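Each chain, letter by letter, is given below.
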Amino acid sequence: MTPIAHTELLNWYSVNKRKLPWRDTQNPYPIWLSEVILQQTRVDQGMSYYLRFMENFPDIHQLANASEEQVLKLWQGLGYYSRARNMHATAKYISQNLNGIFPGSSVELAKLKGIGPYTAAAIASFAFHEAVPVLDGNVFRVLSRLWDEDSAIDSTQGKKRFQLLAFESLNLSYPHLHNQAIMELGALVCKPKNPDCPNCPIQTWCMAFKADTVSMRPVKAGKTKVKNRYMHYFFMENGKSFLVAKRKAGDIWQGLFDLPEISFDAQPSDSQLTQAFQNLNSELKQVQLFSHFVYESIHLLSHRRLFARFYHLQFEGEVPGIHGFELVELEKLTRLPASRLFEKFQKNYILQERKQE
DNA sequence: AAAACGGGGAG
DNA sequence: CTCCCAGTTTT
């Protein structure tokens, strides 16, 4: 980019930038918090979470001293929950080992859990004005068009190429403003679909605009394949309490509370389901109530379809315990971190059932 | 290098 | 429905 293009971009930014609470500060804590929340997450979606985290944990020590359940509870609904766990771990590390002081360079920042190349560059440039370019989805798109670059942004080779372009495009006088501006341009003007080229401040320098290839940029190699998962949930209750457990590591929604559940890659037969259900716990051999389900939902994820069926098992007296699951009062149901399917079930089935009573 | 990991909005 | 979002970690 030419010095004039840099100036045009910054002028555009100063006029058109959104007012965001984590801007106009050099305190790395709110910057870091916002960057982690905004990983693969739109500003509109992450905003309320950012505000809630800042309210509950105004500084890194308070976040560090929180329990993992508190953190996950606040994160509930945002997705990619490992972000919350990594963020919590990093807060503890900085609070306890670094006296609450963030590392001062992108190289050092990138060594922390949950901080990769993008977030390290973002914090380093926004908080410390380090001359390092950020490379997120917006920047990939803007650069691919600006330079009419046809390397795939999701290939190793392509990433190296864009890293080079990003350094060449960086405004060394105002790296922090440049990074903010180029991302903002990608979000507001140089959008994936229907980019607003007529109002683009750097249209003059855009190679793809000149070549009329804007709609073909960026190039992606990856193909998104969708996998199905058939989940069978058991809402086991006696009118007072029901069974829940924390989901285990190595699977979706780890660390969140959920109902007893059995999953298959393909729709199981009744006998397979019966067998799997009984395997949950030997005590349940005589409990065979799932000839029908009471509620069904489909949950669409990025590369997965979850088909969920819920079976309502009512007991008089004690609910049979299952290994790993514990009894929770019905009234405490909404105060637990919960999987999305559990939430949906609560909303569409449990609450309706109660209303009828 | 590829897969896993969420949820929501836009087209 | 597909694509993408202020990506990172694990396999």
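You'll find the structure just up there.
This section reports on the structure supplied with the text. (Residues numbered from 1 in each chain as written. Chains lettered and ligands numbered in written order. Predicted model: local features only at pLDDT ≥ 70, side-chain atom pairs only at ≥ 80, totals over all residues. Heavy atoms only, no water.)

### A few points about the overall build of chain A
Counting its secondary structure elements, chain A contains 14 helices and 7 strands. Taking all 357 residues of chain A together, the buried fraction comes to 49%. For chain A, the centre of its 41 positive side-chain charges and the centre of its 35 negative side-chain charges are spaced 4 Å apart. (Helix = DSSP H or I, 4+ residues; strand = E, 2+ residues; numbered from the N terminus. Buried < 20%, exposed > 50% of the residue type's maximum accessible area, 1.4 Å probe, protein only. Lys, Arg positive; Asp, Glu negative; His and termini not counted. Charge placed at Lys NZ, Arg CZ, Asp CG, Glu CD.)

### A short note on the nonpolar core
Counting residues in each nonpolar core, the largest one holds 90 residues, and the members touching the most others are Trp32, Phe53, Trp75, Leu143, Phe242, Trp253 and Leu259. In terms of residue count, the dominant contributor to this core is helix α8 (residues 117–128) (8 residues). Looking at this core, you find at least three residues from each of domain 1 (3–135 + 156–189) and domain 2 (227–356). The residues contacting Trp75, other than those within four sequence positions of it, are Val36, Ile37, Tyr49, Phe53, Tyr80, Tyr81, Arg83, Ala84 and Met87. Phe264, Ala276, Phe277 and Ile322 belong to the second-largest nonpolar core, a separate cluster that totals 15 residues. (Core = buried A, V, L, I, M, F, W, Y, C linked by side-chain atoms within 4.5 Å. Domains from an automatic or database assignment. Contact = heavy atoms within 4.5 Å.)

### Examining the protein's contact with DNA strand B
Lining the immediate surroundings of DNA strand B are 22 residues, of which Arg42, Thr156, Ser302, Arg304 and Arg340 lie closest. In this structure, a base nitrogen belonging to DNA strand B sits 2.2 Å away from a side-chain N or O atom of Arg42. Contacts to DNA strand B include Trp253, whose backbone N or O atom sits 2.8 Å from a phosphate oxygen. Class assignment of the residues belonging to the surface near DNA strand B gives a composition of 6 nonpolar, 9 polar and 7 charged. (Near = heavy atom within 4 Å. Polar contact = N/O pair within 3.5 Å; in protein donor to acceptor, adjacent residues only side chain to side chain. Nonpolar A, V, L, I, M, F, W, Y, C, P; charged D, E, K, R; others polar.)

### Here we look at helix α3 (residues 43–56)
Taking 1.5 Å of rise per residue, the 14 residues of α3 would be expected to cover 20 Å, and the 20 Å separating its terminal C-alpha atoms lies within 8% of that figure. Among the residues making up α3, those that are buried are Val43, Gly46, Tyr49, Tyr50 and Phe53. Projected down its long axis, α3 carries its buried residues within an arc of 130°, all on one side. Turned more than 90 degrees from where α3 packs its buried face, Asp44 and Glu55 sit exposed. (Expected span 1.5 Å × (residues − 1). Arc of directions from axis to C-beta.)

### Quick notes on the side chain of Asp258
Secondary-structure assignment places Asp258 in strand β3 (residues 257–258). Accessibility expressed as a relative area gives 1% for Asp258, which makes it buried. Within the structure, Asp258 has its side chain in polar contact with the side chain of Ser339 (distance 3.1 Å).

### Side note on the environment of Gln267
Here Gln267 lies in the loop between β4 (261–264) and α13 (270–280). On the basis of relative accessibility, which here comes to 41%, the residue Gln267 falls in the partly exposed class. Filtering out sequence-adjacent residues up to four positions away, Gln267 remains in contact with Tyr230, His232 and Arg309.

### Some thoughts on the protein's contact with DNA strand C
Taken together, 29 residues form the shell around DNA strand C, and within it Leu38, Gly114, Gly116, Arg141 and Met183 come nearest. Take the atoms of DNA strand C that sit within 4 Å of the protein: sugar and phosphate atoms are 62% of them. A distance of 2.8 Å separates a phosphate oxygen of DNA strand C from a polar backbone atom of Gln40. Asp136 places a side-chain nitrogen or oxygen 3.0 Å from a sugar or linking oxygen of DNA strand C. Mapped onto the surface near DNA strand C, the elements with two or more residues apiece are α8, α9 (137–146) and α11 (175–188).

### A word on the packing of aromatic side chains
Applying the stated criterion across every chain yields a total of 18 aromatic pairs. For the pair Trp22 and Tyr50, a centre-to-centre distance of 4.9 Å together with 75° between the ring planes defines the contact as edge-to-face. Residue Trp22 is located in the loop between α1 (3–16) and α2 (28–37), and its partner Tyr50 is located in helix α3; the two are separated by 28 residues in the primary sequence. Grouping residues by exposure puts Trp22 and Tyr50 together as buried. Ring geometry for Tyr29 against Trp32: centres 6.0 Å apart, planes inclined by 50°, an arrangement best described as tilted. Of this pair, Tyr29 and Trp32 are both found in helix α2, 3 residues apart, which corresponds to roughly one turn of the helix. Judged by relative accessible area, Tyr29 falls into the buried class, the value being 4%. (Phe/Tyr/Trp six-rings, centres within 6.5 Å; stacked < 30°, edge-to-face > 60°.)

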